Every structure is written in C-alpha cells, then in structure tokens.
Amino acid sequence: MSTLLLLIVILINFYVLGSARLVACIRAVALQGALLSLLPLVAHGPSGHALILGVGALLFKGIFIPWLLLRAIREVRIRREVEPYIGFVPTLFLGALVTAGAFVFADFLPLAAEHHAGLYVPAALSTMAGGFLLLMTRRKAITQVLGYLMLENGIFIFAILLSAAIPLMVEAGILLDLLVGVFVMGIVLNQISREFATLNTERLTALKE
Amino acid sequence: MIWLLCGIVLMGVSGLAGLIGSRARDGGQKLACALILVGVTLCLPALLKVLAPTATVINWRWAVPGGQFLLELDAISAAFILPLLLVVALGAIYGLGYWRHREHPANATKLQIFYGLISAAMIVLLLARNSLLFLMAWEVMALAGYFLITTEDHKPEVCRAGFIYLIATHSGTLALFGAFALLGTGQPGALSWPAAASFSSPQAGLIFILALFGFGMKAGLMPLHIWLPGAHAAAPSHASALLSGVMIKTGIYGLVRLTSFFAEIPAWWGWTLLLLGVVSGIFGVALAIAQHDIKRLLAYHSVENIGIIALGLGLALLGRSYNQPTLVVLGLAGCLLHVANHGLFKSLLFLSAGSMIHGVGTREIDQYGGLLKRQPLTGLFFLGGAVAICGLPPFNGFISEWLIYLASFKVLNSPSGVLSLSLLTAPALALIGGLALACFVKVFGISFGGEPRTAAAASAHEAPATMLWPMGIFLLACAFIGLLPSQLAPLLNRAAAQWQGQDHPLPLSLGGPLAPLAAISLAGWILVVLLALVFWRLRRCSQGARRDLGTWGCGYPFPSPKMQYTASSFGDSLVRLFNFGLWSKRHGGRPDGLFPATSSFESHTPDLFLDRLFSPAFQGAAWLMHGVRRLIQNGVAAIYLLYSALTLLVLLALLTR
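Residues numbered from 1 in each chain as written. Chains lettered and ligands numbered in written order. Predicted model: local features only at pLDDT ≥ 70, side-chain atom pairs only at ≥ 80, totals over all residues.

**Q** Just checking my understanding: could you explain the overall build of chain A for this structure?
**A** Of regular secondary structure, chain A possesses eight helices and zero strands. The order of α-helices and β-strands along chain A, N terminus first, is α-α-α-α-α-α-α-α. For chain A, with 209 residues in total, the buried portion stands at 37%. Intrachain contacts of chain A at a sequence separation of at least 6 include 75% that bridge at least 24 residues. (Helix = DSSP H or I, 4+ residues; strand = E, 2+ residues; numbered from the N terminus. Buried ≥ 20, exposed ≤ 12 C-beta atoms within 10 Å, placed from the backbone. Contact = placed C-beta atoms within 7 Å.)

**Q** Please clarify how the packing of helix 2 (residues 27-48) of chain B against helix 4 (residues 108-127) of chain B should be interpreted in this entry.
**A** Residue and element names in this part refer to chain B. Contact geometry for helix 2 and helix 4: axes closest at 11 Å, N-to-C directions at 10°. For the element pair helix 2 / helix 4, the angle class is roughly parallel. Counted together, Gln 29, Ala 32 and Ile 36 of helix 2 and Ala 108, Gln 112 and Gly 116 of helix 4 form the full contact between these two elements. Residue composition of the contact of helix 2 with helix 4, by class: three nonpolar, three polar and no charged. (Axes fitted to C-alpha atoms, helices over the stretch in contact; angles between N-to-C directions. Parallel < 35°, antiparallel > 145°, perpendicular 65-115°, else oblique. Nonpolar A, V, L, I, M, F, W, Y, C, P; charged D, E, K, R; others polar.)

**Q** Can you help me understand helix 2 (residues 22-44) of chain A in this one?
**A** Because each turn of an α-helix spans 3.6 residues, side chains separated by three or four positions end up pointing in the same direction. Between its first and last C-alpha, helix 2 of chain A extends 34 Å over 23 residues, near the 33 Å set by a 1.5 Å rise per residue. A positive backbone phi angle near 80° is found at Gly45(A), which sits one or two residues after helix 2 of chain A. (Expected span 1.5 Å × (residues − 1).)

**Q** Would you mind going over the nonpolar core with me for this structure?
**A** Soluble globular proteins: nonpolar side chains tend toward being buried together. Membership of the largest hydrophobic core comes to 209 residues, with the highest contact counts inside it found for Ile118(B) and Leu148(B). Per element, the largest residue contribution to this core is 20 residues, and it comes from helix 13 (residues 325-360) of chain B. Setting aside anything within four residues of it in sequence, one finds Leu148(B) in contact with Leu111(B), Phe114(B), Tyr115(B), Ile118(B), Ala235(B), Ala239(B) and Leu243(B). Formed by 46 residues, the second largest nonpolar core is a distinct cluster that contains Ala28(A), Leu53(A), Phe132(A) and Met150(A). (Core = buried A, V, L, I, M, F, W, Y, C linked by C-beta atoms within 7 Å.)

**Q** Is there a simple way to explain the environment of Lys110(B) in this structure?
**A** All names here are of chain B. Mapped onto the secondary structure, Lys 110 falls in helix 4. In this structure Lys 110 comes out as partly exposed when scored by C-beta crowding, with 17 C-beta atoms within 10 Å. Sequence spacing of Lys 110 and Phe 147 is 37 residues, and the spatial spacing of their C-alpha atoms is 7.8 Å.

**Q** How do you make sense of the packing of helix 16 (residues 396-410) of chain B against helix 17 (residues 425-448) of chain B when you look at a structure like this?
**A** Two measures define how a pair of helices packs: the angle their axes make with one another and the distance between the axes. Residue and element names in this part refer to chain B. Taken N-terminus to C-terminus, the directions of helix 16 and helix 17 make an angle of 155°; their axes are 9 Å apart at the nearest point. Relative to helix 17, the element helix 16 lies roughly antiparallel. On helix 17, the residues touching Glu 401, Ile 404, Tyr 405, Ser 408 and Phe 409 of helix 16 are Thr 425, Ala 426, Leu 429 and Gly 433. Across the contact of helix 16 with helix 17, the residue classes tally to five nonpolar, three polar and one charged.

**Q** Even after reading the chapter, I still don't get unusual backbone geometry, so can you show me in this structure?
**A** The phi torsion of most residues other than glycine is negative, and most of the peptide bonds are trans. All names here are of chain B. In this chain, Pro 393 is followed by Pro 394 through a cis amide linkage whose omega measures 5°. Note on placement: Pro 394 falls in the loop between helix 15 (376-389) and helix 16. Unlike most non-glycine residues, Ala 197 shows phi in positive territory, near 55°. Assignment of secondary structure puts Ala 197 in the loop between helix 6 (156-184) and helix 7 (204-219). By C-beta crowding, Ala 197 is classed as partly exposed, having 19 other C-beta atoms within 10 Å. One non-glycine residue, Asn 323, adopts positive backbone phi at about 60°.

Interpretation note: all reported values are geometric properties and have no functional meaning in isolation.
In structure tokens, the structure reads:
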C-alpha cells in the first residue's frame, strides 16, 4: 500500500516538473500533500500520534496552502509559466536522472536495516530533488513556492520513517514553519507583482549590490 | 620573583595614570613616568640574581585549558630584559619632554597607556615558558605596538603604516600558532615548553620554517621587513626607539628560544639564517643609504642590524650541527650581545633623531644642516650612536661584531669542508660595516655639518634636559659595554650554556684565549686617551683661529646651502652601485655646456619588496578575488539555490558508505 502511494507521489513530481499550467500544478501538489497525509496511517497503523500527523498534513498541505495559492493566483491573474530557465523537456529529463540517482544513492546511505526496504528513502530523496529542480529552473515566484512545497513533502516522507522517534512537537514545528514560509512568500509575491507588474523573480537580480 | 611581577604590573597599568587629571597639564604623565621607573626598579633585584645557581621560577595554576602560568628567568631571558628595562625607563623620561600632554592633548594619553602595556607584555613574553602564555603576551605586544605606531592617527600615511604592520604581525602570529601547535603534539606537557636540547620531532623542519616566518616577520628579516620602515617612521621617536630597539628583538628571542629546544639541529637551519642575515644586512644598509627621511633611514638600519644578529645566530646553529663548541659560544654571544647593543645605540639614535625633529620640525635630512652649532649636545650624542652602530671602537657595536668576526674565522680550524663556506660571513660583515659608516657619514654630515638649508634649521633650538639626559645615559651605557666588555662575559657564557642545555659552566668561556676581552678593553681605553689628547691639542691650536669663517670654507666667507651636497647626491654613487637591487627612481641629472641652466637632482627609493613586489601582487590577488566573487555572488536566486542543492549533494555523498 505504501509503495503504491509513494509511486504516485513520484509520478506527481514528474507531472509538476513537466507542466506549464499553474493551476494544474497547484492541484497536483495539493494531491501529493493529501496522499502523503495517508502515509503515517499506512506506515504506523491507526495510532493517535499518526492520526494527528495525518490530519494536520491534510489540512495544511492538502487544503489550506493550495487554497491560499489559488487565491493568490486569481488576484495576480497569471495562468502559465512561460520561458523557464531550463525548458520543460530537459527539466523532465533531469528529473528522471535525479530520481534514478536517488534510487541508487539510497542503497549507499548508512541507514538502519528496517529502513532499507520499501520506497521511503528513494521517494523522499527524489521528491526533494524535484522540489529543488523546480526552485532552480522556474522564473515565476508562484512556481518557486510550489518547489518549496515539494521540497517540504520530501522531508515529510523522510520524517515518517522516524515519526516513532520524533516527538509531535517537532513535526508540528515543521508544519508551522511551512505555513509561515508560504505566508511570507505570498506577501513577497504580492509585493513583487505590485512593484514590477510581473512575478518574474529575475527582476530581483537588480537588487544585488 | 614576586617583586618582578609587581614591577611588570606597575608598568602595565602606568599609562592609566594619564587618565587622571586634566589633559591640559602634565601631572598624569609625570605620574605615569614615575610608575614606570618604580616598576623598572622593582624588576632589577631579580635580574641581579640571574647568575645564582638556582633558577627563579613562578609556577601557578591557570584555568585556561593547556595553559600554565609558568615564568622562568634564565640568562637568555635576562640578556633581552636588561636592555629592555633601560630603554623603557629612559624612553619614558624622554617622553616627558618630547610628547607632552599639554602639546598633544589628543593622543598623549593613548601613547602613554600603550607604552606601559607593551613594556609589560614584552617582559612577560620574555619570561613565559608556556606556549599559550607566550602567544597571549605576544598578541598584547603586537596590538599595543599597533597603537603606538598609529599615535597620530589623523595622518593618512600613519594609518597606512599601521595597517601594513597589522597585516604583517597577524600573518606572523598565524605561522606561530602553527609552529607552537606542532611543538605541542606528541608531548605529555603539551603546551609547556620542553627543556633545552631535549626535543625531537619528525616535523622539526616544518616547525623551524613556520617559526622563521613568524619570528622573522617581527624581527624584520629581509623579505619580511616590509612593515618596519613605515612603522618606525610613523611612531613618535621614543616609541620608535622602543619598537626598533626592543620589540623587534622579541622575534630574535623567539628564534633563539625555539632552536634551543631541539636535540639535533639540521645544518640547513644555520645556512638559511646565515643567508637571510647576509641579504638583510647588505640590502638593509644599501636601502638605508638611499633614504632621505631620517627615521626611515634608521629603520632600515634596524633591518641591517637584525641581519648581523642573524649571522651570529646562524653561526651558532652551524656550530651545533657540526659539533663545534667554540663556534656556538662565540656566535651566540655575538648574537645576544648585539641584541643588547643594538637596543642601546638604536634607541640613542632614535632619541637624538627625535631631538632634531623636535628642533627643526621635519624628518627630511635635506632640510637640516649646520645643526651642530645649534644643538651641540644632540650632535655629540648622535655622533656617539653613529660610531657605535658602525661597529667602531671604543663603543659597544664593535665588541659584538668582533665576536661574530671571531666566530666566522674559527671555522678555519674545523675539519669539515662545507663549514668553511661560512667564512664568507666575514667579508659580508665587513661590507655591511663599511656601508653603514658611509651612511652615517652622510646623515651626520648633511644634518650637522655645513650651513643651515632652511630657515627652520637656522632657528633650531637645543632639546630640554628631560630629553638630553636619557640620551646621555644611553651613550654612557654604549661606552660601558665598549670599554668594559668582560663585565658581561659571565652572563653571555651562562646564556650559551643554557642554550645548549648544559647547566654547569662550559669548559670554554669568553674572556680567555677564546676572545681576549681584556685586551680589547685595554685597546679601547688607549684609543679614548689618544682621542682626548688629539682633541685637547686641536682645541689649543685653534684658539687663535677666526670664528666667523666656515671650517672647511677655504677662506670663502659666504657659504650657501647650494654649495653643499644634498642627501640624494651624497648617496648617489653608492646607490648606483646597488641599483641592481634597489631600482631607485632618479630625476634630473647632470648640467651640460659651459653656462648650464639651473638644474636639480633628486632620487627616491621605494621599498623593493613592499612597493615593487607585495603591493602589486596583493592588488592583483584582490582584483582576481573581486572578479571571482562577482562571478559567484551574481544575485540570481536560481544559482544560489543550485549552490544549496550542490552542498546538500556533497554532504550526502560524504555520508554514504
């Protein structure tokens, strides 16, 4: 069951990397978050801890943050990512490479024996790498927020491996961190679009010393 | 020993007295000077007991990890501390007249505070027997030295000199950290120093190289002397005397102390020092001849004298490597004695230069002239210092250079063929001495002889008594060592024994057939008597002479400054001789035709290493780094993210099995 979920998560990575339509991307990332919220229950069984974690992840990653992003996108009226730094097909190709790399790499990591089985580690690594790729290759601030979300999803998968050991407070802290991050980005987004009449972050380069 | 500590503390805090009372009065300064004098007096009893068989040691627990408050006074330390105390005390008195609070309200308090602090730090440094304590005192000394140099921090050239000094001293300290860390590895006591001639390490060569860089930077050995001319020219004269006479010697002390630890000394250590000594000596004095700023000129003479000291130490090291005890004793005695001597006569020269600057108001020799008539006592003291620094009898410079000459001739007795190469030290030393003599003929002749070149020089006045007395005492000290050198032989013998790790007195010792000090002393006295007779005779003969004519004017009654040599033209023949290494900039030239138009000549010699090598090299490096930084830090957010992704990848790769 967890393998299936993680495979879908990886496929969603590819979809986001290859798609130019922002609304679709946001929905895909929301779906990814919602799927991930199932993961604690699948991995550790229906305990109170896992339940709180799952519900929290669903609320934040699956509903609240995507709703915020969709609202923001309606206000600044953009629909498509045009002219990324690296085109969609090369990005997809790079994504495939790093995913393959993540699978190979996961075998070499010094992990506990029970964590080697399953897709957790490669999926976590490839989602993080996908998030990084998205952050690096796109110009629109909103896509970068999506990259940040994907990065966070990768970390979440990794954290699930350890959620028996990690206290709840730490996970709550991570979620709060994410939320604050999205808020800040939302504010920055509005400021950029007001100042430059665009959401291209490359205009920010003019701010360097 | 406890009195010694009290003395050090009193000296260290003496400058705080300047904070009391109003800036417009000199009361605080007098109090500070009195504190320094009391501190120096308190230090003396411990030093007088240095030849006693039991060592004076203080060993306290210290909470710093690896540190130990371990002070020990032995003959080597004493040989450095004795001149230090004299220079500190006399410099403080001199400062009362030279840098009065009333005349320099902006910076006199600062000068006084750091003057006391650097003195105390240097004594602690010379007594410390623990790497941490040593380095701590070293840094306090280095930073206090920076504040002495930048006393007049409103002048841009002073700030530049201070900045160069700061860079130099910190890169030196970095090397010292490395050297002492290596010294501490693989020992039980870690950071406390090993006993003399007991230490061996596979990394001995690296330790020596690092120490040579760090200590050589402070001492001013030739390629590393870059900070020295600017710094000594920028500081007030009595601070320059302290910096040049004493502070740069801590570098020599470090080398002497560090080499004493090693049981085996590779031959290349001695050869390296010998080579550096020859280069520093010859080029130091050649650069000195080319200078026209009296304090820069004296600073280059410090480089030269450090070269001579390095020659002595190099010979002593070679003696250790090739097992030649006579060479060790003579070389080290020459080195240590020259350290003390240079401290005395260089301080004397800096103080009399200060008196000239005080009287005329400039450092350029070309603006002096005829000062002997206006500042007769200053002239006398300067002349004494000049004779001493040129290594002429009957003053002290002669004794130490003579010991080094003796050492270099002793290699002829050794069976080793390679060692006899070091005989070349003797001609190098002779060349250095001759050039130094030429240089001081230039300085003394241009400044004190002839007619005044400027109105300021014509109206120069003699210095006040607080400035004259210290100079007189320095001159007496120089003459004392020059005329009664056998008084110092026991101390030097003991230092040479302790340097080799032997506690009992050596079978060889100075004063016997090894170095007939008594004969030298007798010859010195005869020379003094002869000089006095000649002087008395000349005085008698010249009683009927006319006073309104120039002495060498050949009867011409209206000499003018235009007829005199300038500093540039006097030094030019020698400067041209060394032009392969100096690269002087010469402007103007020879007049031609039967009725030549007005023409002028001047030469200007920038420092070979600082202005021609290090400055361009560092500017190039800065330009390159600027370009690299602009390339890396380009302001594109995506690239920054790429950096973090790469960092993450590298960290993960490092974690994998």
